Every structure is written in C-alpha cells, then in structure tokens.
Amino acid sequence: MWAVWRPDAIAVLKDKKAKASLARYFDVMQNSKIAKFLIAKKLPAEFSEKSTLEELWKLHEELTQEYYKLERKVDSKQVSFKQLETPKRSYFDLKIEIAKRIMENCHFCARRCGVNRLAGKVGYCRCGSSIKVSTIFEHMGEEPELVPSGTIFTLGCTMRCLHCQNWSISQWYESGTEYSPEDLALEVERLRKSGCRNANLVGGEPTPWLWLWLETFKHVNVNIPVVWNSNSYYSEETAKLLAGFADVYLLDFKYGPGECSKRISDAPKYWEVCTRNHKLAKEFGELIIRVLVLPEHLECCVRPILNWIANELGASTRTNVMFQYRPEWRAHEIPELRRRLTRAEMEKAIEIAKEAGLTNFIT
Ligand code: SF4
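Quantities reported herein were computed from a predicted structural model and do not represent experimental measurements. (Residues numbered from 1 in each chain as written. Predicted model: local features only at pLDDT ≥ 70, side-chain atom pairs only at ≥ 80, totals over all residues.)

Caption draft 1: Quick peek at the overall build of the protein chain. A tally of regular secondary structure across the protein chain gives 15 helices and 9 strands. Expected size for 363 residues packed as a compact globule is a radius of gyration near 21 Å; at 20 Å, the protein chain falls within 12% of this value. Counting only C-alpha atoms and orienting by the principal axes, one finds that the protein chain spans roughly 60 × 50 × 40 Å. A total of 363 residues make up the protein chain; the buried ones form 46% of that total. The long-range share in the protein chain, meaning contacts at least 24 apart out of those at least 6 apart in sequence, stands at 75%. (Helix = DSSP H or I, 4+ residues; strand = E, 2+ residues; numbered from the N terminus. Rg over C-alpha atoms; globule rule 2.2 N^0.38 Å. Buried ≥ 20, exposed ≤ 12 C-beta atoms within 10 Å, placed from the backbone. Contact = placed C-beta atoms within 7 Å.)

As structure tokens, this is what we get:
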C-alpha cells in the first residue's frame, strides 16, 4: 500500500547511484547480507567487569579490526553466519560494557558533561538512565531508500536548535514512555516483521541513549539494518562504539565552520566534531548526509559543507539537500529564520551542489 504513496521508494531499488553508495545496506535490507550488530554478537571478547576502561578500549580497538575482517568473510560467504557460535562474551557485549561505564561520566556527545547518569544525575540533554520513547511507527517521509522506515523517536537532544521541528520531543515537552531494552527489542522486531526496511534510531537525538540502544539490540533477533539518525554532535568514543552497530549513518551536516552553530544551536565546535564524525562514518559504514538549507545561510554554511563533502568524502556521496525548513519553536529569535526559503535560495543551493561537483545528491 505504501508504494502507492512513495513510488520513488520502489524506483530507488534500481537507482545505480543510490545502490553504489549504500550497497551493503540494500543487501541487508533484502536479507542477502547480515546486519552488523548480529555479526558483532558472534565475535568473542575476553574481558570482565574488573577490567579497567583503558583495557576495555584497547580490546575494543583490536576487535574492531577483527570485526571488519569477519564482516568481509561473512559477506563473501567464506564464513557461514549460521555456523558461527555465540560466544560467552562478544565484541557487542564489550560495547555495552564500555557504554555503561560512559554513563557514569557521561561523554556520549561533544559536550562531555561528565555527570553520573547511573546515579540519577542528568546533563545538558536531560536524559536519565532509562530510555524514554515518544513514538514508534513506519515512517513514510524519509529518503526513498529508507521507506518504510521503522522509526523510533526518543526524547532529549544534545543540541538546542532554536528552529527545531521536533522541539516537543527534543526539549522534553512530552514525558514519553519508558521502555525496557527487552520490550523495545520486541518493537524493533515487530517493525521488521511489518515490512520496514530498517530500524531508524532518532529523536531528539539517539546519542544520549547509546548504552540503552546497545542493550536493546542485544535482544533483537531479526536481521534489520540499523540507521543511526543523528545531528552528528557526538563524541569520538561514541563514533567508535557505533562501528559494528550502525549499518547506515544518516547524519545531519547543519553548519559551516563559522559561528552559526553556536548562535542558532548552542553547539560550539560543531564543524570540527561533525567533520570528524562524517569521516569515521564513512570508514565504519555507509552514509547518507542531510543538509537542511536555512534562509540566508547559503554562503556561510551550504557552500562550505557541500564543498567539504565533495572534497573529503567524494563527489558520489549520497547527500540530501533539504528545502523543508519552516520556522518552528523559537526560530523567531533568529531574524533570518523567521521565514521559509525563497525559490531563488532553493535554486542557488542546487547550483552550489553542482559547482561542488556532487553527483549523487537529491532534493
Ligand atoms: S549525552 Fe547528555 S549528559 Fe551526556 S555529555 Fe551529552 S549532553 Fe551531556
């Protein structure tokens, strides 16, 4: 039925550019390859609760190399996934243990609040120690390759974009529903069984909940690609934990290298954090980049972003240049954000994408 509303979601299955950027995702989506988190659960890891965090990270570094070797073997059928034994402790369990330690001194995102969330403290994002969910549904409004997307909106965010369209979720105007990892895993499995192409982890922002997302996928037993749908303002530690978990990085690239990120989203050093995370995303998985064009931000933001993508990640990087901006929440506090884009601004953004040399962008 959904194909009637989104015929582009069927057409994209034959789109050579989309398939070139997201080859493994397409295969996992169609069950001819195995999602990363399922392979990560098969890689043995020797550690204990007594291991220091430093020791755990050292082991994680080594096993990340091993993980990608195993993934290649499983992908090429050199190794049968079905015949892999489930170890007592796995690379995936190691990620869970590290993420739990991060909860005690929170640095999942670039703010590095350092609060002990397991002891009841909360930081900037106001996320606690149990995951709070706003809604779970089959999303028909995402990029064609993702639709229908099994989307789970969690509360809280690590940034404060004054024009946030999901402000009731990101800023806790809703109280949400608390889920145990086991129950949330059942929801993920239900989404897959209902025909969703992926599990789309979004908010707000998924970053503060990484420990609980990992705990959740420990209990997921269906083959479903994980889409990490993020503002890109996460720490290097989070980026490392996402290796072997996120199949697709659906990353915002919001601002250029100037002061716009601080002025509009209270996110200092966004450019540095965001560019690093995009590079790591490309190294560890497959990438779709979202660039929301803001009124009057073509030269300060859109141009440097699109040039950077083409130069650093490659001209064929899948990039969604988005024109959906509308003033929401506290956008009136930023003079240029009190209106929608003009036709001329949309045309200019397309011109900039072409000048940058991008060959795989959609609008
Ligand atoms: S995830 Fe939340 S508590 Fe943790 S560092 Fe970021 S803003 Fe602070």
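After that view of the structure, there is still more to cover.
Caption draft 2: Local environment of the environment of A315. As for its position among the elements, A315 is in the loop between α14 (298-313) and β8 (318-322). C-beta crowding within 10 Å serves as the criterion here: with 14 such atoms nearby, A315 is assigned to the partly exposed category. Beyond its immediate stretch of four places on either side in the chain, A315 contacts A310, G357, L358 and T359.

Caption draft 3: Structural context of the site of the ligand. Neighbouring the ligand are 15 residues; C106, C109, C113, G123 and C125 lie closest to it. Considering only residue class, the shell around the ligand consists of 9 nonpolar, 4 polar and 2 charged. (Near = placed C-beta within 6 Å. Nonpolar A, V, L, I, M, F, W, Y, C, P; charged D, E, K, R; others polar.)

Caption draft 4: Molecular detail of the sheet that holds strand β6 (residues 248-252). Pairing is mixed in the open sheet, where 9 strands are placed in the order β3-β1-β2-β4-β5-β6-β7-β8-β9. For this open sheet the edge positions go to β3 (177-178) and β9 (361-362), each flanked by a neighbour on one side alone. (Pairing = 2+ DSSP bridges.)

Caption draft 5: Fine view of the pairing of strand β1 (residues 132-139). Where β1 and β3 come together, 2 bridges link them in antiparallel fashion. Within β3, the residue paired with V133 across the bridge is T177. Bridging between β1 and strand β2 (residues 149-154) involves 6 bridges; their strand directions are antiparallel. When the sheet's bridge partners are listed, V133 is paired in β2 with T154.

Caption draft 6: Up close: the packing of helix α9 (residues 181-193) against helix α10 (residues 210-218). The N-to-C vectors of α9 and α10 enclose an angle of 65°; their axes lie 8 Å apart at closest approach. When the axes of α9 and α10 are compared, the pair comes out roughly perpendicular. Crossing handedness for the pair α9 and α10: right-handed. Only L212, E215, T216 and K218 of α10 make contact with α9, whose side of the interface consists of P181, L184, A185 and V188. Considered class by class, the residues forming the contact of α9 with α10 number 5 nonpolar, 1 polar and 2 charged. (Axes fitted to C-alpha atoms, helices over the stretch in contact; angles between N-to-C directions. Parallel < 35°, antiparallel > 145°, perpendicular 65-115°, else oblique. Left-handed = near helix turned anticlockwise from the far one by under 90°.)

Caption draft 7: Molecular detail of the nonpolar core. Among the nonpolar cores identified, the biggest contains 107 residues, and V226, Y233, V291 and L306 are the most heavily contacted of them. Sorting elements by how many residues they give to this core places helix α7 (residues 91-103) first, with 7 residues. Here V226 is in contact with A35, K36, F37, A199, L201, F245, A246 and D247, once residues within four sequence places are set aside. (Core = buried A, V, L, I, M, F, W, Y, C linked by C-beta atoms within 7 Å.)

Caption draft 8: Molecular detail of the environment of G256. Position of G256 relative to the elements: it lies in the loop between β6 and α12 (260-265). It is 23 Å that separates the C-alpha atoms of G256 and G203, two residues lying 53 residues apart in sequence. The contact partners of G256, leaving out residues within four places of it in the chain, are W271, C300, C301, P304 and I305.

Caption draft 9: Highlighting α7. For α7, built from 13 residues, the straight-helix expectation of 18 Å at 1.5 Å per residue is met to within 8% by its first-to-last C-alpha distance of 19 Å. For α7, the complete set of buried residues consists of Y91, F92, L94, K95, I96, E97, I98, A99 and M103. Those residues of α7 that are buried lie in contact with α5 (36-40), α6 (53-75), α10 and α11 (236-242). (Expected span 1.5 Å × (residues − 1).)

Caption draft 10: Spatial organisation of the environment of P44. On the secondary structure map, P44 appears in the loop between α5 and α6. Non-local contacts of P44, meaning those with residues more than four positions away in its chain, are made with P87 and S90.

Caption draft 11: Representation of unusual backbone geometry. The step from V147 to P148 runs through a cis peptide bond, and the omega angle for that step is -5°. Summarising the element assignment, P148 is placed in the loop between β1 and β2. Of note in this structure, R126 is not a glycine but carries a positive phi near 65°. Mapped onto the elements of the fold, R126 is located in the loop between α7 and β1.

Distances and angles like these do not, on their own, reveal function.
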